[in-house]
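# Examination of the molecular architecture
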Amino acid sequence: MGMETEFATFVEPLDGGVQSQVSAREVYVALRDAICRQMPAVEGLDGGDRRFFANGSALNLETHLSFRDEPGGLVEMATPEVLRPSDLVACQRAIDEIMREASDEVHFERGQSVHRLRVLKNSCDAAGHLYGCQENYETDVASGLGLVAYRLAIVCLWAMQVICVLLSIPVVASIVVASMLQRGLSNLRLRRGINEQTNPAVESDEDQPVDSFTDDDEWLDECESDSEESFVALPRWFQWLSITLMRILHLPLVFGLRVVGSHFAFRAQRRYLTGLLVSRIAIMGTGHLDHDGCFFLSGKALGVDRVTDIGGFSGERPIFVYGHWLTKLCGRSWRSIAETRHLLKQRQRLQIGLSDSNLSDLAQWAKIGSVALVLDMIESKETRDLPRLRRPIRALHVFNRDWNLLRRVPTTHGEMTSLELQTKYYRAAEAFVRKQQSTTKRASEWDEAERALQHWAESIRLVRQFRKDGHQTSQGLGRIDWLGKRWMIDQAVGETPGESASWTIRKKIDLRYHELSEEGYFARFMEDHQERELIHRGDVTLRRRNAPADSPAAHRGWMIREFSGEASAEGRPVMRTDWDRALVNQDQAVRTVVFREADKRGPANA
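Residues numbered from 1 in each chain as written. Predicted model: local features only at pLDDT ≥ 70, side-chain atom pairs only at ≥ 80, totals over all residues. Heavy atoms only, no water.

### Looking at the overall build of the protein
Spelled out, the test is: Helix and strand assignments come from DSSP, with helices taken as H or I runs of at least 4 residues and strands as E runs of at least 2, each series counted from the N terminus. Think of it in three bands: residues with accessible area under 20% of the maximum for their type are buried, residues over 50% are exposed, and the middle band is partly exposed, with areas taken using a 1.4 Å probe on protein chains only. In what follows, a contact means two residues having at least one pair of non-hydrogen atoms within 4.5 Å. Accessibility throughout is a Shrake-Rupley quantity obtained with a 1.4 Å probe, and a residue counts as covered only by protein chains that appear here.
If you tally the helices and strands in the protein, you get 20 helices and 17 strands. Of all 606 residues assigned to the protein, the portion counted as buried reaches 52%. Sequence separation of 24 or more characterises 72% of the internal contacts of the protein that already satisfy a separation of 6 or more. Accessible surface for the protein amounts to roughly 28600 Å². Of this, 52% is attributable to carbon and sulfur atoms.

This is the structure in structure tokens:
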């Protein structure tokens, strides 16, 4: 299991303006360099801006290529792959602290007039753009005859992939040629500029110091763009035409993938897990204030419009996302054709897009632990007591508007509120764990499941307490995110005594609640209520340095510590890595290292 979190960035200018003109790429580079000063890092295998760190995490610039030279931007940081919810919550806390410290340590050029960089861990900005967190779990994609049908569908997808690659060769070739011409012209202009500087009319060649421009080659190397930057430098009309042609050529592959995702993959998980994910915004939502002043339980849920889909290809926002499969099928190299074989495995990554960027330890613990428990129940085929929603998307939007927790939606167990659905899932999971404990010889194997149940039950209790009495919020502050934010907004007052707070003041609270700094409202509250934290300070410190020992990321982290900063004889990095393998260039030979996969089955998942 693991999490990917997109952090919003805001550059506050020195002149007090609304927004600085520092580009998303410059913000990312500043954050990346600040984090690289904290711990060893290496580049990703696919090139570009991604960095992998010694603690198993990874950093990437999520802003679209066309907008990377514009202000703002999203920075994604992913946790290492772990086996237990407790490790995942600790790793996420460590990432939050890393981003918080990096935002204070970024370096910008003096001419950029930057006062400070603010990083927000939220799900929706003031303009209504959605982003945030995605959860990943490894589980069975299908079983029995369903698995046979799934694998046959993947073989058909592989055939489509080969055809799409062959058809796209002319388009790719034109992009490569245009990029080479663009890069050649840029280097020519740079060299002309250097020659004009190195041959001034007032000085002779003999008077020019030999080592005055020893960094020219280094300067040229830094100015040379990678493939992404070269593409962005091309004329806009050429970029638009190339992207449009590539999307058209891959439409058959996209259509085939949608068929696989909606009819063959994760059928049991979508059937029995959707009700849990839809109703959990009542206890794990982070809250959102819209332009009309209406308060919603979850900002992420506002844009969700279907149960399962690719995610983002046509603007869709599903609960279950399989866009990572499209990335694998449409990879940047011919290696993507060979890597399609990994989709034939029974164990696949289930990605959940309906997930808020929680700050509370309790909310994160309950969110991850509840899903892991229900997935264990599904794999054990203990699903008889799990309710199913009749109309999931409609139910999601009904629950999201219902912060009073009164509205009911139809289910297979009758009409239920969000809290009643959560309680139903909790009791089924508790019965499952008790049954497993009675049949196993080592009850300690289910200690992690016990902790998940405990935090899940506490979350339900706190929200139910508020449901009975709207004034009973004190115990939920710092533990239920949406409840804490709602309480802060209610405390706001206007500029004059007796005046209600304006929308601007309330929206400021909505956003500043998520700020990762000493000025963030959640951080300020927790500074005085540290007893409400569930993760020990020592565990967070450890996860800032190392991944859990039983994680595949531990091996990757060890290699990153060993080879980061080293360069080959050609001046290239000795090591580049991805999640599952690394390339090491030593002694004029390139060696591939495949990271081991720990056994992810069994109660440790919960």
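So much for the structure itself; the text now carries on.
### Here's the deal with the nonpolar core
So the rule is basically this: Buried residues of nine kinds, namely Ala, Val, Leu, Ile, Met, Phe, Trp, Tyr and Cys, make up a nonpolar core once their side-chain atoms join them within 4.5 Å.
Judged by nonpolar contacts, the single largest core of 129 residues is most densely connected at Met99, Leu273, Trp325 and Trp456. When residues of this core are assigned to their parent elements, the largest contribution, 11 residues, is made by helix α12 (residues 361-379). Leaving out residues up to four positions away in the same chain, Met99 has contacts with Phe7, Leu31, Ile35, Leu59, Val75, Met77, Val119 and Leu516. One finds Ala54, Ile560, Phe563 and Val593 within the second-largest nonpolar core, a separate group that totals 13 residues.

### Remarks on the layout of surface pockets
This is how it is decided: With a 1 Å grid laid over protein atoms only, a set of points is called a cavity when a 1.4 Å probe fits there but cannot get out and a pocket when it is open yet has protein on both sides within 12 Å along at least five of seven lines; lining residues have an atom within 4 Å of a point. Grid points are joined across faces, edges and corners, and a volume is the space filled by probe spheres set on the points. Ten residue types, Ala, Val, Leu, Ile, Met, Phe, Trp, Tyr, Cys and Pro, are classed as nonpolar, four, Asp, Glu, Lys and Arg, as charged, and the remainder, Gly among them, as polar.
Of the volumes computed, that of the second largest pocket is approximately 540 Å³. Here the residues of the lining of the second largest pocket are counted per class, giving 7 nonpolar, 4 polar and 11 charged.

### Here's the deal with the confidence of the model for the protein
The predicted coordinates of low-pLDDT regions are not to be read in fine detail. The line we're drawing: You can read pLDDT as the predictor saying how much it trusts each residue, on a scale of 0 to 100.
Per-residue confidence for the protein gives a mean pLDDT of 84; residues scoring 70 or more make up 85%. Segment residues 599-606 is flagged for pLDDT under 50; beyond a separation of four residues in sequence, or across chains, it makes 28 contacts in the model.

### A closer look at unusual backbone geometry
In the Ramachandran plot, Phe266 falls in the positive-phi region, its phi being about 55° despite a non-glycine side chain. Mapped onto the secondary structure, Phe266 falls in the loop between α7 (251-263) and α8 (267-279). Of note, Lys381 is a non-glycine position whose phi angle comes to about 60°, a positive value. By the secondary structure assignment, Lys381 is in the loop between α12 and α13 (392-401). Classification of Lys381 by relative accessible area gives exposed; the value is 63%.

### A closer look at a positive patch on the surface
Worth spelling out the cut-off: Patch rule: a residue counts if its relative accessible area is over 30% and it has no salt bridge; like charges are joined within 9 Å, and nonpolar side chains (Val, Leu, Ile, Met, Phe, Trp, Tyr) within 5 Å. Basic side-chain nitrogens of Lys or Arg form a salt bridge, by our definition, when they fall within 4 Å of a carboxyl oxygen of Asp or Glu. Under this rule, positive means Lys or Arg and negative means Asp or Glu; His and the chain ends count for nothing. Note on charges: their place is set at NZ of Lys, CZ of Arg, CG of Asp or CD of Glu.
A cluster of basic residues, Arg391, Arg394, Arg401 and Arg407, forms a positive patch at the surface. Note that Arg391 resides in the loop between α12 and α13. Using a relative accessible area of 54% as the deciding quantity, one classes Arg391 as exposed.

### Here we look at helix α20 (residues 552-563)
Test applied: Residue count minus one, scaled by 1.5 Å, sets the expected span of a helix. Each C-beta atom gives one direction from the helix axis, and the arc is the one those directions make. Here a polar contact is recorded for every N or O atom pair within 3.5 Å, except that within protein the pair must consist of a potential hydrogen donor and a potential acceptor, and residues adjacent in sequence are included only if both atoms are side-chain atoms.
If you check α20, its first and last C-alpha atoms are 17 Å apart, about what 12 residues at 1.5 Å a residue would give, namely 16 Å. Three or more residues of α20 are buried, namely Pro552, Ala553, Arg556, Gly557, Met559, Ile560 and Phe563. The arc that holds every buried residue of α20, seen down its axis, measures 165°, which confines them to one face. Packed against the buried residues of α20 are β2 (41-44), β3 (51-53), β15 (575-577), β16 (581-586) and β17 (589-594). Where α20 begins, the side chain of Ser551 points an oxygen toward the backbone nitrogen of Ala553, at a separation of 3.0 Å. Gly565 sits one or two residues past α20 and shows a positive phi near 85°.

### Topic: the packing of helix α14 (residues 418-439) against helix α15 (residues 447-468)
Keep this limit in mind: Here an angle of 0 to 180 degrees is reported between the N-to-C directions of two axes, which are lines fitted to C-alpha atoms, with helices fitted over the stretch in contact. The cut-offs work like this: below 35 degrees is roughly parallel, past 145 is roughly antiparallel, 65 to 115 is roughly perpendicular, and the gaps in between are oblique. Crossing chirality is assigned from the near helix's rotation relative to the far helix, an anticlockwise turn below a right angle marking it left-handed and a clockwise turn marking it right-handed.
At a closest axis distance of 11 Å, the pairing of α14 and α15 adopts a crossing angle of 155°. With respect to α15, the element α14 is oriented roughly antiparallel. Once α14 is placed against α15, the crossing between them reads as left-handed. Residues Leu419, Gln422, Thr423, Tyr425, Tyr426, Ala429, Glu430, Val433, Arg434 and Gln437 of α14 touch α15, and the partners they reach there are Ala449, Glu450, Leu453, Trp456, Ala457, Ile460, Val463, Arg464 and Arg467.

### Here's the deal with the packing of aromatic side chains
When we look at a pair of aromatic rings, we describe it by the centre distance and by the angle of the planes. Put simply, the rule reads: Two rings from Phe, Tyr or Trp (for Trp, the six-membered ring) form a pair when their centres sit within 6.5 Å of each other. Planes less than 30 degrees apart are called stacked, planes more than 60 degrees apart edge-to-face, and all others tilted. Only when the NZ of Lys or the CZ of Arg is both within 6 Å of the ring centre and within 35 degrees of the ring normal is a charge said to sit over the ring.
Applying the stated criterion across every chain, the model contains 8 aromatic pairs. Grouping aromatic residues by their ring pairs yields a cluster made of Tyr150, Phe266, Tyr322 and Trp325. Between Arg486 and the ring centre of Phe295, over which it is positioned, the NZ or CZ distance is 5.2 Å. Taking the ring centre of Trp403 as reference, the NZ or CZ of Arg486 above it sits at 3.8 Å.

### Digging into the pattern of salt bridges
What the rule picks out here adds up to 38 salt bridges. A salt bridge links Glu515 to Arg512; the shortest N-O distance between them is 2.5 Å. Of the two residues, Glu515 and Arg512, both sit in the buried class. It is possible to trace a salt-bridge network through shared partners that takes in Glu12, Asp104, Arg116, Arg118, Arg512, Glu515 and Glu519.

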